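# Examination of the molecular architecture
Each chain is listed here by its residues.
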Amino acid sequence: MKDLINNERLKTESASMAKIKRCSLGVTALVLATSLAACGGGGSSGGGGEADEDSSSGFSVTAVTPADGESGVEPDAALTASFNKDLLASSIDSIEITKKNGVWPTNVPVSTSIDTASSLSIQPDEPLDIVSEYTVTLTDDIADNSGNLLNEAFSWRFVTRDGDWEQAGLIDRGSAIAKGPGIAIDSAGNGWAVWLKEDLTTGYFDVIGRYYNAESGDWESQTLPLNSDDSSSASEARIAVDLEGNAIVAWIQDDAVYARYWDTGSAADESSWSVVEKISGSNPVHSHEYLSVEFHNRNGARAVWIEEDSAAPVLASNEYSAVDALWYGPQAGPELNPSFSSGVQRSVDFAAGQNDAIFLSLAEEPTLPEAKNRVYASRYDGDTRTWVSGITALEPGNVTGKASDPRIVFDKKGNAFAAWWRFSDGVFGQVYVSRYDADSGAWSRSTRIMGGREQDGGRFPSVAVDQEGNAIVSFEFGEPYAAHYDAGGDVWSDAQKIGDYAGAAQGNVAMDLDGNATVVWHKDEGAASNIFSNRYAAVTDSWGSEQRVETGGGGNAGVPLIDAYWTLSAITVWEDDGRIYANRFSPD
């Protein structure tokens with residue numbers, strides 16, 4: 001670039017050459033002083049959209065858009081820079097744009113053109129991402145039409161606006177009762193919602209699905225029942241979608257687990273799913289309250305449930321190979337704990353990482369006082385396709401009260417976060433978290449999340465993690481709260497209230513690839529229960545204001561579920577008076 005500019009200089013008058021030397025090339029006090037006068041002062045920031053203009057200072061930037069420090073900028077906003085002299089066309093490709101957010105900085109490919117003789121238009125090759133900070137740098141290779149270079153690189157910063165919720169809508173068809181919705185989306189924002197719907201003829205419940213097409217921005221037609229047996233009710237419909245959009249639906253029926261697989265790109269109807277296949281073993285399902293299915297990063301998925309056994313309930317699983325298009329077969333895992341059969345343990349959770357998987361459970365112990373229990377973790381080894389012998393207590397030593405509602409999630413490196421709450425008197429509870437380190441295979445000491453309302457209380461946690469291991473735990477205690485985990489500092493923030501008081505605020509959280517988070521919850525406002533949301537912006541480490549994302553319905557909304565698959569969009573689904581509703585958070 002500098003050779004090209006020097007060639008342009010040869011075309012100018014030789015008497016002006018001493019005045020256009022770069023400041024850094026001055027070799028005597030006289031030449032240095034002359035160079036500084038010709039080049040002008042520094043220009044590290046545009047400051048409010050305008051740069052200081054001094055005709056005696058040589059070639060400089062006079063204004064930029066968006067203004068330096070501006071926030072709420074549209075992702076497709078025009079980016080321009082104006083100068084005090086006409087531009088040298090061959091030098092204007094020396095532009096850099098860097099994106100900064102809560103995860104990592106990235107460079108943005110751009111194209112440039114001369115807007116007017118003395119102004120520059122900068123066009124990112126793709127629209128900018130929402131709620132991200134961008135730095136535009138004009139390098140010191142940019143020159144005016146006489147060959148004068150900028151004295152130094154000139155940069156300015158701005159933050160793009162956040163997205164917004166679309167219009168909530170009813171997604172199930174027909175007047176029969178619907179319940180138990182689930183949602184899973186892929187990396188492009190497509191997704192499957194599933195739920196149970198009553199057959200008005202038989203009175204049994206079937207598994208129904210509906211596909212959201214991100215390209216068209218609409219839901220495809222509702223499927224016919226995905227379960228083939230209409231002689232009994234299906235329960236616990238679960239859906240999982242991988243990065244590419246392939247899907248698995250699983251459910252419990254007649255004390256057994258069944259599943260079907262769907263190839264991305266196929267028609268979004270019941271005929272395009274694989275045949276119904278029983279994936280559980282000969283033992284009956286112990287509890288119809290628990291079933292989970294998740295994809296992992298090994299071209300497959302795992303389904304997990306609990307089976308009856310002669311001694312104690314056992315963890316059972318089956319692994320699906322997308323390459324071979326088959327289930328490997330049911331596999332018995334470790335015994336959970338004899339006290340499981342007492343009925344005290346009613347809440348479990350499962351998550352699949354790149355390789356391993358972890359199952360959380362609760363169980364009483366004879367060594368603990370009556371009605372006290374612990375949180376335990378069982379690990380699945382993806383290399384050997386076996387459950388590791390034994391279970392790990394996440395709360396060693398003496399504990400007080402009763403644990404409930406454990407939740408777990410993996411990051412892309414195989415680390416996991418578990419969250420649960422523990423209460424002593426049936427009213428006040430506290431939220432705890434623990435982190436599994438994939439490198440050491442060890443769990444951290446459980447940490448109590450502080451900062452909630454009365455007695456730092458909290459209950460019904462939900463936890464999400466971004467690709468770099470930052471996490472959010474949300475929970476409620478009359479009001480919704482959330483705390484943030486900084487992976488770099490290995491520390492949890494105090495909990496922050498993210499919504500107004502209501503009778504209940506139970507909900508769920510999802511994170512996107514930039515470390516932003518979306519929390520949804522149902523708010524019991526006395527006369528009605530509605531769906532609300534709040535957003536965490538990683539770039540500013542701050543929460544916005546609560547926003548109602550549901551209108552219409554019966555005013556009796558249940559706990560919403562949400563999924564984002566680390567994309568900038570998210571879909572939430574919920575039940576309201578026997579109907580299924582959905583809304584999408586859109587970056588557009």
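Residues numbered from 1 in each chain as written. Predicted model: local features only at pLDDT ≥ 70, side-chain atom pairs only at ≥ 80, totals over all residues. Heavy atoms only, no water.

## Side note on the pattern of salt bridges
- What the rule picks out here adds up to 20 salt bridges.
- The salt bridge involving Arg579 is made with Asp172; its shortest N-O contact spans 3.2 Å. Remark: Asp172 occurs in the loop between β11 (169–170) and β12 (178–185) and Arg579 occurs in strand β47 (residues 579–586); sequence separation between them is 407 residues.
- Where Lys412 meets Glu468, a salt bridge forms, and the shortest distance between an N and an O atom there is 3.5 Å. You can see Lys412 sitting in the loop between β30 (402–410) and β31 (416–423) and its partner Glu468 sitting in the loop between β35 (459–465) and β36 (471–476), a full 56 residues away along the chain.
- Relative accessible area serves as the criterion here: at 28%, Lys412 is assigned to the partly exposed category.
- Judged by relative accessible area, which is 24%, Glu468 ranks as partly exposed. (Salt bridge = Lys/Arg side-chain N within 4 Å of Asp/Glu carboxyl O. Helix = DSSP H or I, 4+ residues; strand = E, 2+ residues; numbered from the N terminus. Buried < 20%, exposed > 50% of the residue type's maximum accessible area, 1.4 Å probe, protein only.)

## Overview of the confidence of the model for the protein
- Scored by pLDDT, the protein has a mean of 83; 82% of the residues are at 70 or more.
- Between residues 1–48, whose pLDDT stays under 50, and residues either more than four places distant or in other chains, the model counts 68 contacts.
- Scored below 50 in pLDDT, residues 338–346 makes 16 contacts in the model with residues more than four places away or belonging to other chains. (pLDDT = per-residue confidence, 0-100. Contact = heavy atoms within 4.5 Å.)

## Digging into the layout of surface pockets
- In this structure, the second largest pocket occupies an estimated 520 Å³ of space.
- Lining the second largest pocket are 26 residues, with Glu126, Pro127, Leu128, Asp129 and Leu568 positioned closest to its centre.
- Examining the composition of the lining of the second largest pocket, we find that three residues originate from one element, strand β5 (residues 106–108), more than from any other.
- In terms of residue class, the lining of the second largest pocket is built from eleven nonpolar, six polar and nine charged. (1 Å grid on protein atoms, 1.4 Å probe; cavity = no way out; pocket = protein on both sides within 12 Å on 5 of 7 lines; lining within 4 Å. Points joined across faces, edges and corners; volume = space filled by probe spheres on them. Nonpolar A, V, L, I, M, F, W, Y, C, P; charged D, E, K, R; others polar.)

## Points about the side chain of Ser378
- When you line up the elements, Ser378 lands in strand β27 (residues 373–381).
- Judged by relative accessible area, Ser378 falls into the buried class, the value being 0%.
- Once you skip the residues sitting within four places of it in the chain, Ser378 turns out to touch Leu315, Pro334, Ala357, Ile358, Phe359, Trp387 and Ile391.

## Considerations on the sheet that holds β5
- Reading across the sheet, the five strands line up as β2-β9-β8-β4-β5 and stay open at both edges, with mixed pairing between neighbours. In the strand order of this sheet, the two ends are held by β2 (70–73) and β5, each with one partner. Each strand of the sheet is rotated relative to its neighbour by a mean of 30 degrees, with strand direction disregarded.
- Pairing of β2 with strand β9 (residues 154–160) involves two bridges; the strand directions are parallel. Among the inter-strand pairings, Val73 is bridged to a residue of β9, identified as Thr160. (Pairing = 2+ DSSP bridges. Axes fitted to C-alpha atoms, helices over the stretch in contact; angles between N-to-C directions.)

## Observations concerning the packing of aromatic side chains
- For the structure shown, the criterion picks out 25 aromatic pairs.
- Between Tyr212 and Trp219, the aromatic rings sit 5.4 Å apart at their centres with planes inclined by 70 degrees, giving edge-to-face as the arrangement. Trp219 carries the same exposure label as Tyr212, and that label is buried.
- Consider the rings of Tyr485 and Trp492, whose centres lie 5.3 Å apart with planes at 50 degrees: the pair is tilted. Across the pair, Trp492 and Tyr485 agree in class, each one buried. (Phe/Tyr/Trp six-rings, centres within 6.5 Å; stacked < 30°, edge-to-face > 60°.)

## Concerning a negative patch on the surface
- A cluster of acidic residues, Asp254, Asp255, Glu308 and Asp309, forms a negative patch at the surface.
- With respect to the helices and strands, the residue Asp255 is situated in the loop between β17 (247–253) and β18 (256–262). (Patch = residues over 30% accessible without salt bridge, like charges linked within 9 Å, V, L, I, M, F, W, Y side chains within 5 Å. Areas by Shrake-Rupley, 256 points an atom, 1.4 Å probe, with all protein chains shown as cover. Lys, Arg positive; Asp, Glu negative; His and termini not counted. Charge placed at Lys NZ, Arg CZ, Asp CG, Glu CD.)

## Some points on the environment of Gly69
- Topologically, Gly69 is positioned in the loop between β1 (61–65) and β2.
- You can call Gly69 exposed: its relative accessible area is 59%.
- Placed 65 residues apart in sequence, Gly69 and Tyr134 show a C-alpha to C-alpha distance of 9.9 Å.

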